[in-house]
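A structural walkthrough
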Amino acid sequence: MSSPEAMISAAETQQPPPGPADGPGRMNTDRAVASAQRMLWIVAAGFCLLSAVLVPLTLRLGWDELVYASRFGPYGPATPFSAPRTRGVPLLLAPIASWSNSTVLLRVWLLLLAGGALWLGFRPWLRIVRRPAAVWVAAGLYGSLWITLFYAGSAMPNHYTATGATAAVGCFLAPRPRYAGVAAGLAMVTLMRPNDGVAVAVPLLLAALLMPTLRGHGRLRGRLSAVAAGLVAGALPWIVEAEVRFGGVRNRLAEADEVQGGLRAVFTLGAHLTALDGPLLCRPCTGDSVRLPVTEWWVLLPLLVGLGLWAERRARRSTAPLWLAVAVAVAAAAPYLFLVPYAAPRFLLPAYALLALPAAVGLLAVVRRARARRSLPTAAVLTLALLGHVGIQVDLVHTHASIQQRARGDWKRIAAVLREHGVHPPCVLAGNTSTIPIAHTAGCTVSETVSPARPSALVLRLGKPPRWARDWQRFPVPNSYSPGWMVVVPRQPTMRPGTGRAIRPPRSIAARTAPEVPSRPGPGMERAWLDLLPRE
């Protein structure tokens, strides 16, 4: 099997020499583009296969995945669909989830979608960068990340926001702008995550107005219209749902802000650094740390991006396309670094995808220089760096897939304890963590607000029942991956002999078991004992 350095060296041979727009130079360019496009297909296919090998297709659906999939009957009962969520992921699931509850079939379908999205996202760049081979190298860099591989077969939005943003920027920069591609890419981003759609659209609009090369030939209006059309098309379902379910856009934004813990001026770069090797959701990140070797991506990426920009400038080629990719990447990452008070590795996927393009140009520049000078030490260092990067990322994928497989197995074990102690559908659960996936696994529901009526049971981890449930029976969950799980159920009433009627408890006991919640509780009370925070 070829080493990474050898493959990238082969990519250098695909680069077309400079030539006129027509004639031999144009033919060489076309051949290089065709060769790079074939390699992009291979990268996309390898991405899907590697993800399928490292992440079991039988992995149970996670918290967010269950919320999205339960919009469809085969994955019922439906779970609460909070204000920050959008209908983009359910749209991806619909062709399978609308008629089948097979997890394996759903994950295979999502893998195919992820591979297709990777190919479509990077393809528009084939005729933008000087060396078309840089496109498949960029796709390989992005696709080699453990976050991308882990979520390839998952019902999550971030990979599609990343590839949609990459496609939109590429179509926007094309010498003959592909307006439909710009609109479709931005619509995909906005449909998945409206805040990401706005973050991508703003620098594109500014570029269209400020960059002279993009205003020429009367294409300013076309570019502006394509960006606006994509943004509106993607946001329209969210706006309609806001009016129908939440009483308006302002109310939905306020509720989404509250669910997310209150968006405010923060600086979470340290939290994102901590999350480089997990957990999947760092909320909060206190007490967590990151292994030093895992930071290699944050060292290599800016270094290669800088080399790519320097190489293009040194060769007196326009760096505007690469700088726009960098600008959009920064804009896409900024809200998660400066507004969202927690971190998740997948939040930065759009930035990684866009930064992979100038990074790939820089990587090819290093290879070209090493070949020109026949520098064996440079080739050896580059090979070791790439092999080390791939090894670290593969290890992280395997580790997190194993953790999630065991942790999600706890939901089934908890459901078994619930059934053993008389909790059967229809039922309502409450708890202090993972209530939604546990309730779904047990066939129960979770109230979106705290109700004066008692739940059928409480599911707690490393916690104590509220005062009104302290007389309930407690049963530990055996053999759980995460320690400390406990099921709390009401005591069965004592029957009066010969009457078939329950003995009424003394008034003092009844008072202690009554739920101490108001008839109209506020959202803060909801978070006190129901864990309804989304894991998007």
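Everything in this summary refers to the structure shown in the same document. (Residues numbered from 1 in each chain as written. Predicted model: local features only at pLDDT ≥ 70, side-chain atom pairs only at ≥ 80, totals over all residues. Heavy atoms only, no water.)

Section: the pairing of strand β2 (residues 457-461)
How we decide: Summary of the burial criterion: residues with accessible area below 20% of their type's maximum are buried, those above 50% are exposed, and those between are partly exposed, where the area comes from a 1.4 Å probe applied to protein chains only. Where helices and strands are cited, they refer to DSSP runs of H or I of at least four residues and of E of at least two residues respectively, numbered from the N terminus. When DSSP finds at least two bridges between two strands, those strands are taken to pair.
Counting buried positions along β2 yields four of five residues, so the element is predominantly enclosed. Two elements, strand β1 (residues 429-431) and β2, share three bridges in a ladder whose sense is parallel. For Leu429, the partnering residue across the bridge sits in β2 and is Ala457. Alignment of β2 against strand β4 (residues 485-489), held across four bridges, turns out to be antiparallel. Bridge pairing links Leu460 to Met486 in β4.

Considering the sheet that holds strand β3 (residues 473-476)
We apply this condition: To define axes, lines are fitted to C-alpha atoms, for helices over the stretch in contact only, and angles between the resulting N-to-C directions are given on a 0 to 180 degree scale. Any two residues whose heavy atoms approach within 4.5 Å at even a single point are treated as in contact.
One open sheet holds the four strands; their spatial order is β1-β2-β4-β3, and the pairing between them is mixed. For this open sheet the edge positions go to β1 and β3, each flanked by a neighbour on one side alone. For this sheet, the mean angle separating the axes of adjacent strands, direction not counted, is 25°. Sheet topology note: the β3/β4 ladder contains four bridges and is antiparallel. Bridge pairing in β4 places Phe475 opposite Val487. Packed on one face of the sheet, helix α18 (residues 376-420) meets β1, β2, β3 and β4 and runs near 30° to β4. Seen against the sheet, helix α19 (residues 435-442) touches β1, β2 and β4 and runs at an angle of roughly 150° to β1.

A word on the pattern of salt bridges
Opposite charge on two side chains makes pairing possible when the charged atoms of those side chains draw close. Here is the rule we go by: By definition here, a salt bridge exists when the distance from a side-chain nitrogen of Lys or Arg to a carboxyl oxygen of Asp or Glu is within 4 Å.
Going through the model one piece at a time under the given rule, you end up with twelve salt bridges. Among the ionic pairs, Glu65 bridges to Arg408, the shortest N-O distance being 3.5 Å. Linking Glu65 in helix α3 (residues 63-69) with Arg408 in helix α18, this pair joins segments that are 343 residues apart in sequence. Residue Glu65 shares its accessibility class with Arg408, and that shared class is buried. Put simply, Arg87, Glu241, Arg245 and Arg252 are held in one network by salt bridges that share partners.

Brief notes about the pairing of β4
Among the five residues of β4, five are classified as buried, and the element is accordingly described as predominantly covered. In β4, alternate side chains face the same way, and those of Trp485, Val487 and Val489 on one face and Met486 and Val488 on the other are all buried.

Concerning the side chain of Ser70
Our working definition: Any pair of N or O atoms that falls within 3.5 Å is considered a polar contact. Within protein, one atom must be able to donate a hydrogen and the other to accept it, and sequence-neighbouring residues count only if both atoms are side-chain atoms.
Relative to the helices and strands, Ser70 resides in the loop between α3 and α4 (88-97). Its relative accessible area of 2% is what places Ser70 among the buried residues. In this structure the side chain of Ser70 is engaged in a polar contact, spanning 3.1 Å, whose partner is the backbone oxygen of Val67. Separated by 3.0 Å, the side chains of Ser70 and Thr79 make a polar contact. When near neighbours in sequence (up to four residues on either side) are disregarded, Ser70 contacts Tyr75, Pro77, Ala78, Thr79 and His440.

Digging into helix α6 (residues 133-143)
The element α6 is extensively covered by neighbouring structure, given that ten of its eleven residues are classed as buried. All buried positions along α6 are accounted for by Ala133, Ala134, Val135, Trp136, Val137, Ala138, Ala139, Leu141, Tyr142 and Gly143.

Quick notes on unusual backbone geometry
What is expected of a backbone is that most residues other than glycine have negative phi and most peptide bonds are trans. At the junction of Gly76 and Pro77, the peptide bond is cis and its omega measures out at 5° in the coordinates. Here Pro77 shows up in the loop between α3 and α4. Following Gly278, the chain continues to Pro279 via a peptide bond in cis, the omega torsion being 5°. Structurally, the position occupied by Pro279 is in the loop between α14 (269-274) and α15 (296-314). One non-glycine residue with positive phi stands out, namely Leu462, at about 55°. Position of Leu462 among the secondary structure elements: in the loop between β2 and β3. Residue Leu462 is classed as exposed on the basis of its relative accessible area, which comes to 65%.

What is shown is where atoms sit, not what they do.
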